[in-house]
Amino acid sequence: MLSRFDPAVLVFVVITPLKGTPMADVNPPSPLDVARLIAKARILMPQVPISLGCERPRNKEGTELEKLALRAGVTRMAVWSDEALQEASRLGLNPRFQATCCSVAFTEAFSMLR
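These notes cover the structure that comes with them.

Procedures and definitions
- Residues numbered from 1 in each chain as written.
- Predicted model: local features only at pLDDT ≥ 70, side-chain atom pairs only at ≥ 80, totals over all residues.
- Heavy atoms only, no water.
- Axes fitted to C-alpha atoms, helices over the stretch in contact; angles between N-to-C directions.
- Helix = DSSP H or I, 4+ residues; strand = E, 2+ residues; numbered from the N terminus.
- Parallel < 35°, antiparallel > 145°, perpendicular 65-115°, else oblique.
- Left-handed = near helix turned anticlockwise from the far one by under 90°.
- Contact = heavy atoms within 4.5 Å.
- Nonpolar A, V, L, I, M, F, W, Y, C, P; charged D, E, K, R; others polar.
- Buried < 20%, exposed > 50% of the residue type's maximum accessible area, 1.4 Å probe, protein only.
- Arc of directions from axis to C-beta.

**What to know about the packing of helix α1 (residues 31-44) against helix α2 (residues 60-72)**
Interhelical geometry of α1 versus α2 gives an angle of 20° and a closest axis separation of 9 Å. With respect to their mutual orientation, α1 and α2 come out roughly parallel. The interaxial crossing formed by α1 with α2 has right-handed handedness. Across from Pro31, Leu32, Val34, Ala35, Ile38, Ala39 and Arg42 in α1, the residues of α2 making contact are Glu61, Glu64, Leu65, Leu68, Ala69 and Ala72. Class assignment for the residues of the contact of α1 with α2 results in 10 nonpolar, no polar and three charged.

Structure follows, in structure tokens:
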């Protein structure tokens, strides 16, 4: 459905239950389920940049999600873990960094090259 709109970028956000909110007891989707969805988006929209947004679990499952997302075809990721950077290196990827929202296209003007 989204591919009909020719998006400039597709950002995946993953629910993170927060205490004291109506969603506190909601279970987030598994890392594998999110990675499968990312892979489907990559196949259906090969030209669209796909980003794993900053809103996602920050635990063991979140780290696994980051690594799976790299394998599934994300081209952008907000706030990388050390484990995700190591996985990117293993995959032969060369991450570039910029101090903006993950939905903003990469430009040298915003870059924080390592």
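Moving on, there is more to tell.
**Observations regarding the environment of Gly20**
Take Gly20: it is sitting in the loop between β1 (10-12) and α1. We classify Gly20 as exposed; its relative accessible area is 84%. Through-space distance from the C-alpha of Gly20 to that of Met77 is 28 Å; in sequence the pair is 57 residues apart.

**A look at helix α3 (residues 82-90)**
Within α3, burial applies to Ala84, Leu85, Glu87 and Ala88. The buried side chains of α3 occupy one side of the element, clustering within an arc of 160° when seen end-on. For α3, the exposed residues lying more than 90 degrees away from the buried face are Asp82, Ser89 and Arg90. Once α3 ends, the next one or two residues include Gly92, with phi positive near 80°.

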